[in-house]
Structure formats: structure tokens, C-alpha cells
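Read off the chains here:
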Amino acid sequence: MVMMRNFLPILTVTLVIFALWYAFAIVLNKNWAYDKATRGGYELSFSELVSDTWTQKKPRLPTPDQVAAEIWKSTGTAAIKKWNRTEGKPFSERVSKVLGDKKSLLRHAWLTLSATMLGFVFGTGLGILLAIGIVHNKAMDNSVMPWVITSQTIPILALAPMIIVVLNAVGLSGLVPKAVISAYLSFFPVVVGMVKGLRSPDSIQLDQMRTWFASKSQIFWKLRLPSSVPYLFTSLKIGVAASLVGAIVGELTISQDGGLGARMLQGNYYGTTILIWAALIFAAAMAAVLVSSVGLAERITKKRMGFLA
Amino acid sequence: MSLVLAALAVWAIGWGINIWIARQTPGRWQSITSATIFGITLVLMWELLVRGSGISPVILPPPSMIYTAFVSSTDILMADFIQTFVKGALTGYAMGCTAAFLTALAIDRSDFLKRGLLPIGNFVAALPIIGMAPILVMWFGFDWQSKAAVVVIMIFFPVLVNTVQGLDAADKMQKDLMRTYAASYWQSLFKLRLPAAAPFIFNGLKIASTLALIGAIVAEFFGSPIVGMGFRISTGAGRLELDLVWAEIVVAAVAGSAFYGIVALIERKATFWHPSQRKGRGL
Amino acid sequence: MNHDVVIKAEKLCLTFETNDGPVHALKDVDLTINKGEFVSFIGPSGCGKTTFLRVLADLETPTGGEVSVNGMTPREARRKRAYGFVFQAAGLYPWRTIGGNIKLPLEIMGISKDEQKKQVAEVLELVDLKGFENKFPWQLSGGMQQRASIARALAFHADILLMDEPFGALDEIVRDHLNEQLLQLWAKTNKTIGFVTHSIPEAVYLSTKIVVMSPRPGRVTEVIESTLPRERPLDIRETPEFLALAHRVREGLRAGHGDDA
């Protein structure tokens, strides 16, 4: 497998990145350390500088272990604490208390994830429907497709604050506005990819269908739809990542409704940089998990359909 | 109510025309006219529906209101455009693309580095990098520099990955031919590998052009001097000055597509020889 | 040393290590090629003919034995641009005109712009592509592209021309035409040509010497000196002499194959 062959280079590059990260932490945090030393009236040796810059409470650049510790604190330990405090209560209540813990990163992650998934499912569903319409109806193809293609060059994310404000004003808040943004962002890649995929069968295969006097619907279900699977999955991977970004940006604009983006904003306000990084890394991890899950689904489906050897 | 009916009539007429167009013999004019008619239909419907139904123009301003806002605030829009697009997005774009290009050249000579960096690059390109915006504002301050920094981070990996792939695009036979000429590394790079890489590089540059504007705008949601498209959009949304917000969005949309279009045009000139650009011409 | 000897191989070996064990692409190849000869290499796939050509061009490194080109090692010969190489596909750069493509090796070798122009015109005339200087490769047919590729190999006046199945992808009618033109070119320029082919009539028609090779391990089974005159119209392919030679080649190939277990 490709991964095995590249394991050593990937490992090396990753270790180099971590080493650079620690080095930069020293560089970026040193001013604070020096200031503290001058105020305290003592000199800093190099090893003291290093240990200081790597353990500051509000560093300009936290170290990987600081971020990891914060992530663990706000997920694992917070969950365990809540679990213990709700000793004696029924199981479902304990779980909901753990998930509802305002201090827990898991709760915020759940809020972001739910908005992302809701938006993603809707955006993908609508996108597939529109793609089917475009492929089968020339009028739709002529009029709508150019706009879909152009929309990919428009900074759609700029609409996020407005969507949230408008929907809040009509009473929809929390999950829905974020999901709308997520849906919007995954919609366009899915339409483009699906149209490409539904049109991918070559003329030889379409001619073959004609010789069997197949109806449009039969051609769709038996040829076009299966052929579009690889293209759909490529768009799904782009779409799920875009949906996550959409949910987070939505949270960044209005943070009352919680979520990883809200957490980042909080950290920004209070200057608790480690918190920002923890939320960011968690979001990155979530993105990685989402994209790899789609990738896994892709491999399984492709194998069963014979697209992969 | 009558306006709502008028809106439905507009929809029917627009759709009817498009169906008629679709029935004609295929030609390039069909896409452009149909798309324009569709766009006009939507704008007309928007105007009629907002005015006809009870929707408050504060929540959803009709196009005519947006137009007035556009015309009356052109100076604000211009200042915002320069701050966000020219200072933030363009500088970030230039810096990010150059850095990515140079890095690609640097790692080109090492197969080991390529095999390590490419998977990581693909991985990072899928992450919500925009989340780094508050951190970058903290490091680089409120002004355009932090926005340019966000853009650099967002476009670095996509451009890097595409350039590296492009540099590998020249096939073995071509590289053998260069060997028979005893060409030096640099001669081979400039005469063969870079032109062969052009389609890939431009693919990366096009992707980066969209990301650049998004990055610059969204980064301003986190902190900006009192000017900038992102700033105007987020504060305007908060104050329910939605007509101005929509005007900004129109500027952003035009800027985004124009930027992409210019890159695509340069691509056409530089890769005129590639089969994808030659559709219909040739032998 | 005989100054007429251009290429000399002695006990040349090339072994690849693969997952399935060693592959002897070339084993103990002894061959001498003199100045002005037209030598064809013919044999089934895996017999080493392309590999041998690539060793001469320093595109592969032998694992045993000796080989010299113009009295030098292949690497030195390549550095001195002693030969032009024509691949199976024309491999012209689509972003350069035909003229631009032919200029490519000249630019690399640092030849002056005026000289470049002169050489391009000269060599286009030789391959009968005069006037196509400003056209792009995709505007030319397959045969014309391959002619341009040959022109490119001739542009810097190397003494040796190495050609690896250059006409393999073309149809027979075009191929005949190009064979004729190649012979005319050879007569005019007097180069030493190494030519790899799959086609028996082509090998017999073009060469002064035919090297029959067989696979597993890649080796020379027979070297046939042609008895045909240097001047050869196309219909020489129907003479009894030609057919006898072709027969000899065929027998040589069959013998090589027969050695296979």
C-alpha cells in the first residue's frame, strides 16, 4: 500500500514539523520570558529560557504538549469529573450531563459536528437532485449550470454573518443557521462533481444502451448513477471539509450558540491562547476524521463496485 | 399579493423562454443567454416577492434598495475593496504562491522529501485553516498584514501540492531525451519541466485565487481597523444594515469571479498547447 | 585501433534485479559497428535490442563487459553530444513550434541564434518539412511529427543516429515512405545509424548489417552482412536477393526462439 512505502518520509517530515514547532515556541515566547526576568531582576540562562517559553500560561505560541494537555483536560478529565459528580443518577442522564458540560470541548465539538452533518446531508442531497435535473434537462443545464460554476469563484463564506443574523431575526437560531451555511458550502462542489460523474459514461456505453432501447430512467439507474460514484466521493470529501469550515465560521460570527468556533472566539477575547489552539487542533482532528471516514466509505464502495482492483 | 403573482408570472415566462432556447440547435449562445435570463428572472422575482409579501426590507432588502446603497456608498465600498482585496488578498496571494513555488523547487530534488511532504500537504489542505485567523491577528496585529498571513497559510499547501505534481508531469521519455542532450538540471527545468508543469500550476493558482479572497474577508471577522469588506459585512450584519452588506457581497462576488477569470485567461495564454485548451481547434 | 570502428561492445552484460530474481537483459554481447554502417537490431520483446541501444546512449548502465562509442565511454560520448536519439514516439513539445522543437538541443548546447536558424532550415529541408517551421506539433500528422523528431536528432550534426522503433506507431503506407526517405537521408549525410525494429522487411530494406537477437538471456544470435547495394528503390523488396536475406533473418529469429526452454 502506498502508505507503507511512504511511512518513513512522512514520519520524518512530521517529526521535523514538531521540532520546528518547539523551536518557534521559544522564539515567539521569549519576549515575555525576558520581560518577566527583567522585572524580577534576574538573568535567564538558555535552558531556563527554554523551560520558561515552553510552560507559559498565556504563550504567544503554545507547545504541542501544552495543547495536548489542554485538550485532554477539557475532554477526558472534564468528562470523568462530570461522570463522577453525577454518581447515582440514571445512565442516560449522566451521558447527557457529560455531553452538556459547558466547559467540555466535547460538547462544543458535538455542537459543531451536528451543524456540519445536518448541513452536509442537506447540501449533498439537494446537490445530487439538482445535478440529476441539470443532466436530464437541457434548459436547466443552460441556465443554472453556468451560475453553479461561477459560484465556485465567489467567496460564499462572506455571506455567513448575514445568514446568521437574518435567520436569528426570524427566530431560527442555534443549529439551523450554521447548518444552512454548511449546506450552502457543500452544495456547489457536489453539484459540479455529480454532473461530471453523471456525464462520465462514454459514447460507446451510451450507444450500447440505445441499442437496447433503454429509457432515460433505466440509463440513469443502471449506467449514469453507478459511473458517478467515484466523482461523488471526491466531491463528498471536499464538501464535508467545507461544511465543517462553514459551521465553524458561523460560530465565529455569533458565539452564543457554542461550538468549536465559539470556543476559539472565547479564547481570543480572554487571551487564553492555549484554549484557541486546543479548539483549533480539535477541529483539525475532526476534519481529518470526517474526510477519512468518507475516504473509507469510498474505498469500501469502490471495491464492491469493482472500481478498485 | 398582486406582486407575488407577478413574480410567479416572471418565473413562468423566464422558464418558458429557457425551454424554448433549449429546443434550438445547440450552440454556444444558448448557455450565455439562458444563464442571463435565469439571473434576470431571479432578480426580478426577488424584487417583486419582497415588495409584494410581508417580508421586512430590513431583513431582506430588494435589489433596488441594494442598488441605491451601492450607489450612495461607493466611496466606502472602494476603501473596503482596497483594504481587503488589494492589501490583504493580493499581497497574501503573491507571497503565498511564491513561497509555495520556491518550496516546490527546493524539494523537487529530493524524492524522500516529496514522498513525506505530499501526503501531509494534501492533509493540511483539507483542514479548517481559517480557524487560525484569530491567532494570526494576535501575532500580526489588526491591519492587513494578518489578513495576508491568513491567505498565505490557506493557499500555501494547495499551490505546493499542485506544483510538485506538475513538476513530475514530464514523462520518462522526455526526461531521457534531455539526458541525451546532456542538459543541465536548470536547462531541463526551464525548457521541459516547467512548461510541462504549467497546467498543474495554474490549477493550483485558480484554487488559490478563490481561497485568497475568502481568507481575507473571513479573517476580518476577527478584528480589523474600521475598514474592510469582512469588517463591513460582519458589523453591518450586526447593525442590520443589510442593504450595505449585500452591496459588499456584490463587490466580493464580482471581485472573486474577476480574479479567477484573470488567472484563467493567463492560463489560456500560457497553456494554449494543452489538449484541454485546444478543444475544437487544431488539425 | 581501426579508426573506422565507431561502436565496439565486448562481452557486454546488463542484469536487472527484480522481485522474481535476476533478469539478464544483455549477456556477453560482442559487436563492432563501423563508420557509415546502417545496423538494424531485430528480435522479439525482451531480447535486449532496445536495452543495447540505451546502453550506447548512456541511458542505461551495463553491469559487466566493455563498450565504447567513438573511442570513449558512453557517458563521455553523451557529454560530447556524439549521437542523436529518436524515440518510439515523436515526443515533440506541444508548447513549441516545429522550428522551436528542433532548436531545443541547439539552445541547450549553446549554439548561437544565427547558427540555430541556419541549422533548422537545413535539417527541415532534409526531412522534407520545409515551410512547417511555425506550425505546432498537433497540427501535423503522426508521420510528419516523427519526421520532425528525426530532424531534431540531426540538427546538431552528430555522427551517430540511434533510433528505437521510430516508425512502429505508424501505418504501413507512411512507414514505407519514411523508410525511403531515411535511406536518402543516410546517403546524403553518411551517418552511422543504429536502428531497432520489429519488422523483418524494414530491417532488411534499410540495413547494411542486421543483428538478430533473442531473449532470456538477451544476446546476439547472428550478425548478417547485407549483400544488397547501397542504392535501394522500394521495389527491391520483391527481388529474390531481398527475400533470401529476409529468409535468413527469419531463420535466425526462429533459431533464437528455439533455444528457449
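Owing to the predicted nature of the structure, the values given are computational and were not obtained by experimental measurement. (Residues numbered from 1 in each chain as written. Chains lettered and ligands numbered in written order. Predicted model: local features only at pLDDT ≥ 70, side-chain atom pairs only at ≥ 80, totals over all residues.)

Caption draft 1: A look at the overall build of chain B. When its secondary structure is counted, chain B shows eleven helices and zero strands. When the helices and strands of chain B are listed from N to C terminus, the series reads α-α-α-α-α-α-α-α-α-α-α. For chain B, the C-alpha radius of gyration of 24 Å lies well beyond 19 Å, the compact-globule estimate for 283 residues. Overall size of chain B, expressed as C-alpha extent along the three principal axes, is 80 × 60 × 30 Å. Within the span of chain B, comprising 283 residues, buried residues form 45% of the whole. (Helix = DSSP H or I, 4+ residues; strand = E, 2+ residues; numbered from the N terminus. Rg over C-alpha atoms; globule rule 2.2 N^0.38 Å. Buried ≥ 20, exposed ≤ 12 C-beta atoms within 10 Å, placed from the backbone.)

Caption draft 2: Fine view of the interface of chain C and chain B. With 18 residues of chain C at the contact, the number on the chain B side is 16 residues. In terms of residue class, the side of chain C that touches chain B is made up of 13 nonpolar, two polar and three charged. (Contact = placed C-beta atoms within 7 Å. Nonpolar A, V, L, I, M, F, W, Y, C, P; charged D, E, K, R; others polar.)

Caption draft 3: Focus on the arrangement of the chains. When the two pairs of chains in contact are ranked by number of contacts, first place goes to chains A and B. No interface is formed between chain A and chain C, the nearest pair of C-alpha atoms being 16 Å apart.

Caption draft 4: Representation of the interface of chain B and chain A within the structure. Counting from both sides, the interface comprises 50 residues of chain B and, opposite them, 45 residues of chain A. Elements supplying a minimum of two residues to the side of chain B that touches chain A: α1 (2-23), α2 (28-52), α5 (111-125), α6 (133-140), α9 (185-219), α10 (229-238) and α11 (242-270) of chain B. Tallying contributions element by element places α11(B) first for the side of chain B that touches chain A, with eight residues. For the side of chain B that touches chain A, the residue count by class is 36 nonpolar, 13 polar and one charged.

Caption draft 5: Spotlight on the environment of Q119(C). Along the chain, the position of Q119(C) falls in helix α4 (residues 113-126). What Q119(C) contacts, discounting residues up to four positions off in sequence, is L106(C) and A155(C).

Caption draft 6: View of unusual backbone geometry. Omega for the peptide link from R216(C) to P217(C) comes to -5 degrees, which places this bond in the cis form. By secondary structure assignment, the location of P217(C) is in the loop between β8 (209-214) and β9 (219-225). In this structure, L240(B) is a non-glycine residue whose phi angle is positive, near 55 degrees. Its location among the elements puts L240(B) in the loop between α10 and α11.

Caption draft 7: Local environment of helix α3 (residues 98-108) of chain C. Within the sequence span of α3(C), burial applies to I98(C), N101(C), I102(C), K103(C), L104(C), P105(C) and L106(C). At the C-terminal side of α3(C), G110(C) shows a positive phi close to 75 degrees.

Caption draft 8: Up close: the nonpolar core. Within the largest apolar cluster, 220 residues are counted, with the highest numbers of intra-cluster contacts made by A279(A), V151(B), I155(B), L213(B) and A151(C). Beyond its immediate stretch of four places on either side in the chain, I155(B) contacts Y93(B), G96(B), C97(B), A208(B), L211(B) and A212(B). (Core = buried A, V, L, I, M, F, W, Y, C linked by C-beta atoms within 7 Å.)

Caption draft 9: A look at the confidence of the model for chain B. When pLDDT is averaged across chain B, the result is 87; 98% of the residues are at 70 or more. The spread of mean pLDDT over the elements of chain B runs between α5(B), the lowest at 83, and helix α8 (residues 172-180) of chain B, the highest at 92. (pLDDT = per-residue confidence, 0-100.)

Caption draft 10: Molecular detail of the packing of α5(B) against helix α7 (residues 144-167) of chain B. Residues and elements named next belong to chain B. Packing of α5 against α7 brings their axes to within 9 Å, and their N-to-C directions diverge by 140 degrees. On the basis of their axis angle, the class for α5 and α7 is oblique. Crossing geometry of α5 relative to α7 is assigned as left-handed. Counting all contacts with α5, which are made through K114, L118, G121, N122, V124 and A125, the residues of α7 involved are F157, P158, L160, V161 and V164. (Axes fitted to C-alpha atoms, helices over the stretch in contact; angles between N-to-C directions. Parallel < 35°, antiparallel > 145°, perpendicular 65-115°, else oblique. Left-handed = near helix turned anticlockwise from the far one by under 90°.)

Caption draft 11: Geometry of the sheet that holds strand β3 (residues 38-42) of chain C. All names here are of chain C. Read across the open sheet, the six strands follow the order β5-β6-β7-β3-β8-β9; overall the sheet is mixed. Two strands bound the open sheet, and with one partner strand each, they are β5 (83-86) and β9. When strand polarity is set aside, the average angle formed by the axes of neighbouring strands in this sheet is 15 degrees. In this structure, β3 lies alongside β8, joined through four bridges in parallel fashion. Of the residues in β8, the one forming a bridge with S40 is I210. (Pairing = 2+ DSSP bridges.)

Caption draft 12: Here's a closer look at the sheet that holds strand β2 (residues 21-34) of chain C. Residue and element names in this part refer to chain C. Sheet architecture is open: three strands sit in the order β2-β1-β4, paired in antiparallel fashion. Edge positions in the sheet fall to β2 and β4 (64-69), since each has one partner strand and no second. Across the sheet, the axes of successive neighbouring strands diverge by a mean angle of 20 degrees, strand direction being ignored. Judged from the five bridges that link them, strand β1 (residues 5-18) and β4 form a sheet pairing that is antiparallel.

Caption draft 13: View of the packing of helix α4 (residues 74-108) of chain B against α11(B). Residues and elements named next belong to chain B. Where α4 meets α11, the axes come as close as 11 Å, and the angle between the chain directions of the two elements is 45 degrees. Considering the angle they form, α4 stands oblique to α11. Classified by chirality, the crossing of α11 by α4 is right-handed. Residues L77, D80, F81 and F85 of α4 pack against A247, E248, V251 and A255 of α11. When the residues that make up the contact of α4 with α11 are grouped by side-chain class, the tally is six nonpolar, no polar and two charged.

Caption draft 14: Main features of helix α6 (residues 172-189) of chain C. Residue and element names in this part refer to chain C. Look at α6: 25 Å from first C-alpha to last across 18 residues, which is about the 26 Å you get at 1.5 Å a residue. Within the span of α6, buried status applies to L178, N179, L182, L183, L185 and W186. With its buried residues spanning 160 degrees around the axis, α6 presents them on a single face. More than 90 degrees from the buried face of α6, the exposed residues found are I173, A187 and K188. (Expected span 1.5 Å × (residues − 1). Arc of directions from axis to C-beta.)

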